[in-house]
Amino acid sequence: MSERIFIGVAWPYANGSLHLGQIAGCYLPADIFARYHRARGHEVLMVSGSDQHGTPITIKAEQTGQTPEAIAGHYQREFLDCWERLGITFDLFTTTGTPNHAAVAQDIFLRLLEKGYLYKETVSQLYCPKCQRFLPDRYVEGVCPACGAPGARGDQCDACGKPLNVTELIEPYCRICRTTPVARDSEHFFLKLSALQERLEKWVAKQTHWRPNVGGLTQRYLKEGLRDRAITRDIEWGVPVPVEGFEKKRLYVWFEAVIGYLSASKQWAKEIAGDNERWHDFWDEDKEAKSYYFIGKDNIPFHTLIWPAMLMGYGGLALPFDVPANEFLTIEGRKISTSKNWAVWLPDYLARYDPDPLRYILSINMPETSDTDFSWRELVRRNNDELVAAYGNLVNRVLTFVYRNLDGQVPQPGALKEDDNALIKATQQALEETGKLIATCSFKQAIMAAMAAAREVNRYLDEKAPWKVIKQDRQAAADSLYVALYAIGCLKQALYPFLPFSSQKVHEYLGFAGRVEDAGWQPPDLPPGQPLREPQPLFTKLDESVVEEETRRIGT
Ligand SMILES: [Zn+2]
Ligand SMILES: [Zn+2]
């Protein structure tokens, strides 16, 4: 039966390049999941986009003397290029800067207002008398109350990492003109989360399939009690508040960006599906689509409480089915810090290496249940010892041998023996098992199951040694090579969500036409006599010098 799967992926801020932590955290797992479901013949809609609003963009704009639009446009193009080259297959990757997004965000705002889930309140905020503007937290700096470092931001001290409340800063000043800010009253809209606490509790209690870290953190927030949150702010960059008297205010980015999942779906329906109403298939409560949100762990409460609260308040739209949030990826044993350049940047990686080895290492080492570490030594080792040695060489050795010695076509097997049938069965089962694990978002175990099957094929071939046997018994060699080709046909399907570029090649070397995804999630139909194509090595062995060269670049 065809299922409908909606996949929402975190919206990156359009103020800097993507790094490997973000790829392992949400983009790669989402893509593996989407590719698997598409191969199963399910209807999939995967969307995301760049987050153009919020102070990280305006600060970068002021620092570099560009407009926020120019910065956002630059990174949007870079993101799209990265998705293409890494093989992250969004149905739509848009931005929060579109008129469509503003309209959808304002519609949600107005419906929540009409239904009594929003209210106005006057709050005291920091104001710069010289710049004549209210100052968002990140525009105020001062001395850190925890460690005494100067230059701590209103929301966090970079020196000691402590999250701060802007009013705690000692000797605060405006980061634009260094004037001391004053407190001034301002009226804002608040989202009445407290009114939805009970409904959220009942709903969360039923989500027993969530990962323990996701469920645990969500329960903790619920126990503390949800507090109403301001959803507007005094800033000029963002989605306008559709209420008279609020012309100089904008929707707060945390409220507006999550609405991107819905606005992107509507944009997809109109511009890509060619049917304005198609988004309903994935969003209406009664359509039984399952929504998955792939995000990093720092975003959990926004997707398990706040976005569901907004959807509940709005009414009629499907709540998340699962939020498989990952933990963090560290780099060479240390927490990623973009400001200290302690990161591996995706555009740098893609400029020098192939996409599949990165997809491989980030999958088999995915931070699903605890933080994991990326190191270049590990990448080189896994690339050479696992990807090249266990899988790439297997494919290359078998296909080259058959191509050269058995007329370049799938051989006709005779009566298969017990061990032949056992290997066929084992690889069929590995394909099924890999799929089941992907469907439950256990990506690490899934790729391990597929790789274990590859090792089994190697053991089988070591025993059968068709390269030697062919001299005395051509049929016996043809039998084991047929079995090996069949097994490779299962492996390229099972590994497709993880290694899409090389799976497509194997698909073609085996003589199949079209896309590997369209072959479905099933063992290959491999008719004897099917012409093969001459194979090329699937992966490149990396030189040890890569380790030193690349490690040196980090943090400099
Ligand atoms: Zn100022
Ligand atoms: Zn500090």
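Structural notes, computed from the coordinates.

How each quantity is defined
Position numbers for residues start from 1 in each chain and track the written sequence from start to end. Chain letters start at A and ligand numbers start at 1, both assigned in the order the entries are written. Residue-level local features of this predicted model are given only where pLDDT is at least 70; pairs of side-chain atoms are given and counted only at 80 or more, and the full residue set underlies all totals for whole chains, interfaces and linings. Hydrogens and water molecules were not included; the side-chain quantities draw on all heavy atoms of the structure. Strands here mean DSSP runs of E at least two residues long; helices mean DSSP runs of H or I at least four residues long; both are numbered from the N terminus. Here the globule rule is a power law, 2.2 Å times the number of residues to the power 0.38, and the radius of gyration is based on C-alpha atoms. Buried means the residue's accessible area, taken with a 1.4 Å probe over protein chains only, is under 20% of the maximum for its type, while exposed means over 50%, and partly exposed covers the values in between. Keep in mind that water is not among the atoms, so a site may look incomplete; donors are the N, O and S atoms within 2.8 Å of the metal, or 3.2 Å for Na, K and Ca. Donor angles set the geometry label: tetrahedral for four donors if every angle is between 85 and 135 degrees, square planar for four and octahedral for six if opposite donors exceed 155 degrees and the others are between 65 and 115, irregular for anything else. Among buried residues, those of type Ala, Val, Leu, Ile, Met, Phe, Trp, Tyr and Cys that are joined through side-chain atoms within 4.5 Å constitute a nonpolar core. The criterion used for residue contact is that any of the two residues' heavy atoms lie within 4.5 Å. Think of a polar contact as two N or O atoms within 3.5 Å of one another; within protein, one of them needs to be a possible hydrogen donor and the other a possible acceptor, and neighboring residues in sequence only count if both atoms come from side chains. Take a side-chain nitrogen of Lys or Arg and a carboxyl oxygen of Asp or Glu: if they are within 4 Å of each other, that pair is a salt bridge. Centres within 6.5 Å make a pair out of two Phe, Tyr or Trp rings, where for Trp the six-membered ring is used; the pair is then stacked when the planes are under 30 degrees apart, edge-to-face when over 60, and tilted otherwise. One less than the residue count of a helix, multiplied by 1.5 Å, gives the span that helix is expected to have. Note on pairing: DSSP must find at least two bridges between two strands before they are called paired. Only C-alpha atoms enter the line fits that serve as axes; for helices the fit covers just the stretch in contact. Angles between N-to-C directions range over 0 to 180 degrees. An angle below 35 degrees is treated as roughly parallel, one above 145 as roughly antiparallel, one from 65 to 115 as roughly perpendicular, and anything else as oblique. Nonpolar residues are Ala, Val, Leu, Ile, Met, Phe, Trp, Tyr, Cys and Pro. Charged residues are Asp, Glu, Lys and Arg, and all others, Gly as well, are polar.

## Here we look at the overall build of the protein chain
A count of helical and extended segments in the protein chain gives 19 helices and 15 strands. Taking 556 residues into account, the globule formula puts the C-alpha radius of gyration at 24 Å, and the protein chain, at 27 Å, falls close to it. Dimensions of the protein chain along its principal axes, counting C-alpha atoms only, are 95 × 55 × 40 Å. Classification of the 556 residues of the protein chain by burial places 57% in the buried group.

## Looking at the coordination of the zinc ion (ligand 2)
Each protein donor to the zinc ion (ligand 2) is listed here as Cys-144 (SG), Cys-147 (SG), Cys-157 (SG) and Cys-160 (SG); together their distances run 2.3 Å. Geometry at the zinc ion (ligand 2) is tetrahedral, judged from the four donor atoms that bind it and their angles of 105 to 114° at the metal. Sequence positions of the donors to the zinc ion (ligand 2) reduce to the motif C-x2-C-x9-C-x2-C. On the criterion of sequence distance, the pair formed by Cys-147 in the loop between β6 (140-143) and β7 (152-153) and Cys-160 in the loop between β7 and β8 (170-174) is long-range, its members being 13 residues apart. Cys-147 sits in the partly exposed class, given a relative accessible area of 38%.

## Regarding the nonpolar core
In this structure, Ile-7, Phe-255, Trp-283, Phe-294, Trp-307, Phe-374 and Tyr-391 are the most contacted members of the largest nonpolar core, which totals 173 residues. In terms of residue count, the dominant contributor to this core is helix α13 (residues 376-405) (13 residues). Apart from the residues within four sequence positions on either side, Trp-307 is in contact with Ile-108, Val-258, Ile-259, Tyr-261, Leu-262, Trp-283, Tyr-293 and Phe-302. Residues Ile-59, Leu-126, Leu-135 and Val-140 belong to the second largest nonpolar core, which totals 13 residues.

## So, the side chain of Lys-249
Tracing the backbone shows Lys-249 in the loop between β11 (232-233) and β12 (250-251). Judged by relative accessible area, which is 11%, Lys-249 ranks as buried. Engagement of the side chain of Lys-249 in a polar contact is seen with the side chain of Asp-234, the distance being 3.4 Å.

## Section: the coordination of the zinc ion (ligand 1)
For the zinc ion (ligand 1), the full set of protein donor atoms is Cys-128 (SG), Cys-131 (SG), Cys-174 (SG) and Cys-177 (SG), and the range of their distances to it is 2.2 to 2.3 Å. Angles of 99 to 115° at the metal separate the four donor atoms of the zinc ion (ligand 1), which places the site in the tetrahedral class. In the primary sequence, the donor residues of the zinc ion (ligand 1) line up as C-x2-C-x42-C-x2-C. Among the residues examined, Cys-131 registers a relative accessible area of 25% and is labelled partly exposed.

## Digging into the pattern of salt bridges
Taken as a whole and judged by the stated rule, the model has 28 salt bridges. One salt bridge connects Arg-278 with Asp-281, and the closest N-O pair in it is separated by 3.2 Å. Here Glu-378 ties to Arg-382 by a salt bridge, and the two come within 3.1 Å at their closest N and O atoms. With Glu-378 and Arg-382 both in helix α13 and four residues apart, this pair spans about one turn of that helix.

## Focus: the side chain of Asn-365
Note that Asn-365 resides in the loop between α12 (355-364) and β15 (372-374). A residue is classified by how much of its surface remains accessible, and Asn-365, at 13% relative accessible area, is buried. Side-chain polar atoms of Asn-365 contact the backbone oxygen of Asp-373, separated by 2.7 Å. Apart from the residues within four sequence positions on either side, Asn-365 is in contact with Thr-372, Asp-373 and Lys-444.

## What about the environment of Glu-277?
Summarising the element assignment, Glu-277 is placed in the loop between α8 (260-273) and α9 (280-283). Separated by eleven residues in sequence, Glu-277 and Lys-266 place their C-alpha atoms 7.8 Å apart.

## Considering the packing of aromatic side chains
Tallied over the entire structure, the rule returns 33 aromatic pairs. Here Tyr-292 and Phe-321 contribute two aromatic rings whose centre-to-centre distance is 5.5 Å and whose plane-to-plane angle is 65°, an arrangement assigned as edge-to-face. One end of the pair, Tyr-292, is in strand β13 (residues 290-294); the other, Phe-321, is in the loop between α10 (300-314) and β14 (329-331), and 29 residues separate them in sequence. Taking the relative accessible area as the measure of exposure, Tyr-292 reaches 5% and is therefore buried.

## Concerning helix α6 (residues 212-224)
Between its terminal C-alpha atoms α6 stretches 18 Å, which fits the 18 Å expected from 13 residues at 1.5 Å a residue. Here the buried face of α6 lies against α5 (197-205) and α10. Positive backbone phi, at 90°, marks Gly-225, one or two positions downstream of α6.

## Thoughts on the sheet that holds strand β10 (residues 229-230)
Taken in spatial order, the four strands line up as β5-β4-β9-β10 in an open sheet, and their pairing is antiparallel. Here the strands that pair on one side only, and so sit at the sheet edges, are β5 (133-134) and β10.

## Re the pairing of strand β9 (residues 182-191)
Of the strand pairs in this sheet, strand β4 (residues 118-128) and β9 are connected by ten bridges, and their pairing is antiparallel. If you follow Tyr-119 over to β9, its bridge partner there is Phe-190.

## Focus: the packing of helix α1 (residues 20-39) against α12
Helices that pack against each other are described as a pair by the angle of their axes relative to one another and the distance between those axes. Two elements in contact, α1 and α12, have axes whose closest approach is 10 Å; the angle formed by their N-to-C orientations is 95°. Classified by the angle their axes make, α1 and α12 are roughly perpendicular. Seen from α1, the contacting residues are Leu-20, Ile-23, Ala-24, Leu-28, Asp-31, Ile-32 and Arg-35; seen from α12, they are Leu-358, Arg-359, Leu-362 and Ser-363. Considered class by class, the residues forming the contact of α1 with α12 number seven nonpolar, one polar and three charged.

## Thoughts on the sheet that holds strand β1 (residues 4-9)
The strand order β3-β2-β1-β13 describes an open sheet built from four strands, whose pairing is parallel. Two strands bound the open sheet, and with one partner strand each, they are β3 (92-95) and β13. When strand polarity is set aside, the average angle formed by the axes of neighbouring strands in this sheet is 20°. Sheet topology note: the β1/strand β2 (residues 43-50) ladder contains five bridges and is parallel.

## Digging into unusual backbone geometry
In the Ramachandran plot, Asn-341 falls in the positive-phi region, its phi being about 60° despite a non-glycine side chain. In this fold, Asn-341 is placed in the loop between β14 and α11 (346-352). On the basis of relative accessibility, which here comes to 22%, the residue Asn-341 falls in the partly exposed class. If you check the backbone angles, Cys-441 has positive phi at about 60° while not being a glycine. Within the fold, Cys-441 resides in the loop between α14 (418-439) and α15 (443-464).

## Focus on the environment of Gln-536
Looking at where Gln-536 falls in the secondary structure, it is placed in the loop between α18 (500-509) and α19 (545-553). Here the alpha-carbon distance between Gln-536 and Cys-82, two residues 454 residues apart in the chain, equals 25 Å. For Gln-536, the contacting residues outside a window of four places in its chain are Asn-396 and Tyr-509.

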